[in-house]
Amino acid sequence: MDFKGSVIYLQKPVLIYLGIFMAVSNFSIFAAQAMYLPFAMENLNGDAWTYGIFAASWPVGYIIRALILGRLPDFELSARIKIMIAALVLGTLTFILLAFSGNIYTAVVVEIAAGISGPFWNVYSTHLYQVTVPEDIRAQVFSFRILIARVFAPVGILFGTFVSAAFGIEIMLMIVGALSCTVILLVYFIFMRGRKEKLLGRSSIGS
């Protein structure tokens, strides 16, 4: 395995923070989605049709936001970071809202909201990678980004499964949402807020 991508991460503060966000995002998403079938059947008192509608809600929200995203102006970097953080926080809070949804109608609205927040994180985080990392080493960095996502996916699934079995799906959703939101806000306010120059790090990486 080529470890150059991991070295670049350590040299660029913004990549470290994006890596944390990627880990938190994948952990929470896979922890929750692993329990979506029993959640729809038991907590929403549904059937196969209920689960199908519920599972389709997130992609619907994603499509809606993707269509709107193309019409938005080209924000400056600091504004993009704030929008990205807001989208991440909204996405994690939807897990807590799901825990209190109680019926398929509320759950669908919550999942559509979660889907709407998705493109902001994906598009703006990808933009940060592009403006931070030189093109000749971008492949290694993106490979390491994918590795982070893949590692935390099974961790999230195992966490969601064990916590749901021990305490219930609603408790698991609240824990995942609260934990993820706390980590994201702490990283942003302690390390990222108002530090654009420091975030981007040295411009000579990869040269």
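Residues numbered from 1 in each chain as written. Predicted model: local features only at pLDDT ≥ 70, side-chain atom pairs only at ≥ 80, totals over all residues. Heavy atoms only, no water.

It is worth spelling out the overall build of the protein at this point. The helix and strand inventory of the protein stands at 9 helices and 0 strands. The N-to-C order of helical and strand elements in the protein reads α-α-α-α-α-α-α-α-α. The contacts of the protein with a sequence gap of at least 6 include a subset with a gap of at least 24, amounting to 81%. When the accessible surface of the protein is totalled, it reaches about 10500 Å², and 68% of it is carbon and sulfur. (Helix = DSSP H or I, 4+ residues; strand = E, 2+ residues; numbered from the N terminus. Contact = heavy atoms within 4.5 Å. Areas by Shrake-Rupley, 256 points an atom, 1.4 Å probe, with all protein chains shown as cover.)

A word on the packing of helix α5 (residues 77-99) against helix α6 (residues 104-132). It is at 8 Å that the axes of α5 and α6 come closest, and there the two elements cross at 150°. Judged by the inter-axis angle, α5 sits roughly antiparallel to α6. In this structure, α5 crosses over α6, and the sense of that crossing is left-handed. Together, Leu-77, Arg-80, Ile-81, Ile-83, Met-84, Ala-87, Leu-88, Leu-90, Gly-91, Thr-94, Leu-97 and Leu-98 of α5 and Ala-107, Val-110, Glu-111, Ala-113, Ala-114, Ser-117, Phe-120, Trp-121, Tyr-124, Ser-125, His-127 and Leu-128 of α6 make up the contact between the two elements. The residue makeup of the contact of α5 with α6, split by class, is 17 nonpolar, 5 polar and 2 charged. (Axes fitted to C-alpha atoms, helices over the stretch in contact; angles between N-to-C directions. Parallel < 35°, antiparallel > 145°, perpendicular 65-115°, else oblique. Left-handed = near helix turned anticlockwise from the far one by under 90°. Nonpolar A, V, L, I, M, F, W, Y, C, P; charged D, E, K, R; others polar.)

Grouped together as the largest cluster of nonpolar side chains are 32 residues, with contacts concentrated most on Leu-15, Leu-18, Phe-21, Met-84 and Ile-85. Residue assignment for this core shows that the elements contributing at least two residues are α2 (13-33), α5, α6, α7 (138-167) and α8 (169-192). Sorting elements by how many residues they give to this core places α2 first, with 8 residues. Those residues in contact with Phe-21 that lie beyond four places of it in its chain are Met-84, Ile-85, Leu-88, Trp-121, Ile-184, Val-187 and Met-192. Phe-95, Leu-98, Ile-104 and Ile-169 belong to the second largest nonpolar core, which has 20 residues in total. (Core = buried A, V, L, I, M, F, W, Y, C linked by side-chain atoms within 4.5 Å. Buried < 20%, exposed > 50% of the residue type's maximum accessible area, 1.4 Å probe, protein only.)

Let us look at the packing of aromatic side chains. Tallied over the full model, the rule gives 6 aromatic pairs. On the numbers, 5.2 Å between centres and 50° between planes, the contact of Phe-27 with Phe-159 is tilted. Note that Phe-27 is positioned in helix α2 and Phe-159 in helix α7, a separation of 132 residues in sequence. Since its relative accessible area comes to 25%, Phe-159 is described here as partly exposed. Members of the aromatic cluster, connected to one another through ring pairs, are Tyr-36, Phe-39 and Phe-54. (Phe/Tyr/Trp six-rings, centres within 6.5 Å; stacked < 30°, edge-to-face > 60°.)

Glancing now at helix α4 (residues 48-69). The end-to-end C-alpha separation of α4 is 32 Å, in line with the 32 Å expected for 22 residues at 1.5 Å each. Turning to α4, its buried residues number three or more, namely Thr-50, Phe-54, Ser-57, Gly-61, Arg-65 and Leu-69. As for α4, its buried residues are in contact with α3 (36-43), α5 and α6. Its side-chain oxygen 3.1 Å from the backbone nitrogen of Trp-49, Asp-47 forms the N-cap of α4. (Expected span 1.5 Å × (residues − 1). Polar contact = N/O pair within 3.5 Å; in protein donor to acceptor, adjacent residues only side chain to side chain.)

With that out of the way, let us pick up unusual backbone geometry. The backbone of Asn-45 sits at a positive phi, close to 50°, despite the residue not being glycine. Relative accessible area serves as the criterion here: at 66%, Asn-45 is assigned to the exposed category.

This part is about the side chain of Thr-50. Looking at the element boundaries, Thr-50 is found in helix α4. Taking the relative accessible area as the measure of exposure, Thr-50 reaches 12% and is therefore buried.

This part takes up the environment of Gly-118. Within the fold, Gly-118 resides in helix α6. For the pair formed by Gly-118 and Met-84, sequence separation is 34 residues and the distance between their alpha carbons is 9.3 Å.

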